[in-house]
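# Topology and contacts: notes
Below, each chain spelled out in residue letters.
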Amino acid sequence: MIRVTDLKMPVNGTEEQLKKKAAKALGIYVEEILQMQIFRRSLDARKKDQILSVYVVDVEVANEKKTLSKVKGNNVSITPDLSYVLPQGKAECKNRPVVVGFGPGGMFAALLMAQMGLAPIVLERGGDVETRKKAVSLFWEEGILDTENNVQFGEGGAGTFSDGKLTTRIKDPRCRKVLEEMVEAGAPKEILYDAKPHIGTDLLRGVVKGIREKILALGGEVRFFAKVTDILVENGRVQGVVLADGEKIETNDVVLAIGHSARDTFEMLYQKGASLEQKPFAMGVRIEHPQKMIDVAQFGDAAEKLPPADYRLTYTTKKGRGVYTFCMCPGGYVVAASSEEGRLAINGMSEHARDGENGNSALLVQVFPKDFGSDHPLEGMYFQRQLEEKAFALGGGSYTAPIQSVGGFLGTSKESPKVSPTYRPKTKEVDLAEIFPGFMTEAMREAIPEMGKKLKGFDRGDAVLTAVESRTSSAVRILRGEDGESLWAKGLYPTGEGAGYAGGIVSAAVDGILAAEKIFQKNLK
Ligand SMILES: Cc1cc2nc3c(=O)[nH]c(=O)nc-3n(C[C@H](O)[C@H](O)[C@H](O)COP(=O)(O)OP(=O)(O)OC[C@H]3O[C@@H](n4cnc5c(N)ncnc54)[C@H](O)[C@@H]3O)c2cc1C
């Protein structure tokens, strides 16, 4: 096919108009285009009075050679073949490979191993998506937490109750494989070409179920409420795993895709002498504004014609510490994301429609090992726990979240938040500075007004802050070599966000695919 880039269109332009634009760029009649596929769609909102959609399309024409020979513009080329090719050959493992954790990392490791004929066994400590949804609703409505089946643990991992933003900074052809498998499992096809693809939690639940069914159909096995509590290692090699109910499963290949919240499993690895190290991460609050304010700030008068706007703001304090907004959820909700009793963690999510009143994002301060006060590999994790305990206590218990107005936090006004917090079950107005170490409060107080200069209204006094956003990435790295295997035990593949090598749904999924490829290569016949 022929790829035509940089086709500018009004935001509500039709596919027919786009085809005409492509034909003009190729110097041919629109009838000569046999078929057209959108490869990329992005929004150019630099000029608020002239917001445009910009397309990259692939077209099939009757006579490709002749068409290309006539074209002058440099926005035309042959469409590159970016499709992912499954590793070829036959591999056989002495024992079936095991995948610990069914988040994006474990899910795609298992899917690829199933597609390569390795019949993996997936062990997930939480429940399937249906039971999980019930447990999470009970937590959000009544503050009753199931420490094994919640926003962090269960089918689909941490990503299931999310905005399902699929943006990633990694450039890897496996990213497209991840998106294609998600579309095949029920995700909207727009994720294949939108510059900022997102699924929304309501559709994500169906997608993870679809991928589970594909793994089962290919001979894999997926077990829920199957927590791995021990990894058996002899002479530096994995021999098996043990479940919480004492069952032992023999295996020589374990994909350990446990996510950033499996603190008891990190403790187990530490006790066993696994090679772990501290890792920088970030913590802070969620900030909420009326979504309409954000739309107008980003798109001006054109806001009504456009989908809800997002933003990404960064600032470096005078002392050189980074503060940035993260995981912005347009028309979304602040959600309770705890997984441990008496510790309060929050995050953000939205439905596919993104039609909530507010828009929210995490406002995060970088935290470094030097801030932890000890070089114990799990010290960062303990640091997260301390702030979550303070947030829980300051909220008054039952996972009531501590909140404060931006004006109250900055000390510029005593007003209560007018933007109503979306956190459930309950919120309580407090002085949030009581939760954070001085360097974090200082950094956020310095950053908010500066960010208000970049996004009009960001620092409005009646906006609402909710605490504490603590699970943005793992505080621990499980060290692995070039071969993807743990430095502690051959056959153990630390994978995804919990291993400290990925961040976000797509990069964790790609890391899972890489682990599967390595296990396949190692067991090739
Ligand atoms: C509310 C929320 C919203 C988010 N929004 C986005 C977003 O919009 N876009 C984005 O890219 N990222 C988002 N993220 C981050 C994203 O979800 C993670 O980066 C991603 O899920 C990491 O994938 P993973 O497979 O490495 O780990 P996880 O998804 O954390 O999965 C790990 C799995 O391992 C299981 N497990 C842990 N220990 C054990 C054990 N001992 N035995 C068996 N199973 C175990 C857990 O139950 C869990 O299901 C969000 C996260 C949250 C919590």
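About the cut-offs
Residues numbered from 1 in each chain as written. Predicted model: local features only at pLDDT ≥ 70, side-chain atom pairs only at ≥ 80, totals over all residues. Heavy atoms only, no water. Near = heavy atom within 4 Å. Polar contact = N/O pair within 3.5 Å; in protein donor to acceptor, adjacent residues only side chain to side chain. Areas by Shrake-Rupley, 256 points an atom, 1.4 Å probe, with all protein chains shown as cover. Phe/Tyr/Trp six-rings, centres within 6.5 Å; stacked < 30°, edge-to-face > 60°. Helix = DSSP H or I, 4+ residues; strand = E, 2+ residues; numbered from the N terminus. Buried < 20%, exposed > 50% of the residue type's maximum accessible area, 1.4 Å probe, protein only. Contact = heavy atoms within 4.5 Å. Domains from an automatic or database assignment. Buried area = accessible area lost by both parts, 1.4 Å probe. Salt bridge = Lys/Arg side-chain N within 4 Å of Asp/Glu carboxyl O. Nonpolar A, V, L, I, M, F, W, Y, C, P; charged D, E, K, R; others polar. Pairing = 2+ DSSP bridges. Axes fitted to C-alpha atoms, helices over the stretch in contact; angles between N-to-C directions. Core = buried A, V, L, I, M, F, W, Y, C linked by side-chain atoms within 4.5 Å.

This next bit is on the site of the ligand. As a structural note, the neighbourhood of the ligand is formed by 36 residues, with Gly105, Glu124, Lys165, Glu497 and Ile505 the closest of them. Residue arginine 125 places a main-chain N or O atom 3.1 Å away from a nitrogen atom belonging to the ligand. The separation between an oxygen atom of the ligand and a polar main-chain atom of glycine 159 is 3.0 Å. Contact with the protein chains hides 96% of the accessible area of the ligand, taken as 1000 Å² for the molecule alone.

Right, let's get into the packing of aromatic side chains. Per the counting criterion, the structure on display carries 8 aromatic pairs. Taking 6.4 Å as the distance between ring centres and 70° as the angle between the ring planes, the aromatic pair formed by phenylalanine 102 and phenylalanine 224 counts as edge-to-face. One end of the pair, phenylalanine 102, is in the loop between β5 (98-100) and α3 (104-115); the other, phenylalanine 224, is in the loop between β7 (221-223) and β8 (228-234), with 122 residues separating them in the sequence. Measuring from centroid to centroid gives 5.8 Å for phenylalanine 372 and phenylalanine 383, while their planes differ by 40°, and the two rings are tilted. With phenylalanine 372 in helix α9 (residues 369-372) and phenylalanine 383 in helix α10 (residues 379-395), the pair connects residues that are 11 residues apart, well separated along the chain.

Tracing the backbone through its elements, the reader meets alanine 337 in the loop between β16 (333-336) and β17 (346-349). With a relative accessible area of 0%, alanine 337 lands in the buried category. Spatially, the C-alpha atom of alanine 337 lies 37 Å from that of leucine 52, the residues being 285 residues apart in sequence. Discounting residues that sit within four places of it in the chain, alanine 337 has contacts with Phe139, Val151, Gln152, Ala345, Ile346, Asn347 and Arg471.

Okay, the side chain of aspartate 462 next. Structurally, aspartate 462 is set in the loop between α12 (438-454) and β21 (464-469). Beyond its immediate chain neighbours, meaning those up to four positions away, aspartate 462 contacts Glu415, Pro417, Lys418 and Val419.

A cis geometry characterises the amide bond from arginine 424 onward to proline 425, with omega recorded as 15°. Inspection of the secondary structure assignment puts proline 425 in the loop between α11 (406-410) and β20 (427-429). Note the cis peptide between alanine 467 and valine 468, where omega equals 5°. For valine 468, the location among the structural elements is in strand β21. Of note in the backbone geometry, asparagine 235 takes a positive phi value of approximately 50° without being a glycine. With respect to the secondary-structure elements, asparagine 235 resides in the loop between β8 and β9 (237-243).

So, about the domain arrangement of the protein. Per the domain assignment, the segments of the protein are domain 1 (2-78), domain 2 (98-276 + 474-522) and domain 3 (280-469). On a C-alpha basis, the centres of domain 1 and domain 2 stand 39 Å from each other. Both faces combined, the contact of domain 1 with domain 2 buries some 520 Å², and carbon together with sulfur accounts for 47% of it. A salt bridge links aspartate 194 to arginine 41; its shortest N-O distance comes to 2.7 Å. Inspection of the region where domain 1 meets domain 2 yields 4 residue pairs in polar contact (both at pLDDT 80 or more). In the side of domain 1 that touches domain 2, the residues fall into 2 nonpolar, 1 polar and 2 charged.

All right, on to the sheet that holds β9 then. With antiparallel pairing, the 3 strands of this open sheet are ordered in space as β8-β9-β10. Of all strands in the sheet, those with a lone pairing partner are β8 and β10 (248-250), marking the two edges. Averaged over all pairs of adjacent strands, the angle between their axes in this sheet comes to 25°, without regard to strand direction.

Attention now goes to the nonpolar core. One finds Leu123, Trp140, Ile231, Leu269, Leu432, Phe436 and Phe458 to be the most contacted residues of the largest nonpolar core, which totals 89 residues. Residue-level mapping places this core at the junction of two domains, with at least three residues from each of domain 2 (98-276 + 474-522) and domain 3 (280-469). Residue contacts for tryptophan 140: discarding those within four places in its chain leaves Val151, Phe161, Val335, Ala336, Met349, Arg424 and Pro425. By size, the runner-up hydrophobic cluster in this structure holds 45 residues, among which are Ile199, Val255, Val510 and Ile519.

Counting through the fold element by element, alanine 110 comes out in helix α3. For the pair alanine 110 and isoleucine 435, spaced 325 residues apart in the sequence, the C-alpha separation amounts to 40 Å. Excluding anything up to four places from it in sequence, alanine 110 contacts Val99, Pro120, Val122 and Ile215.

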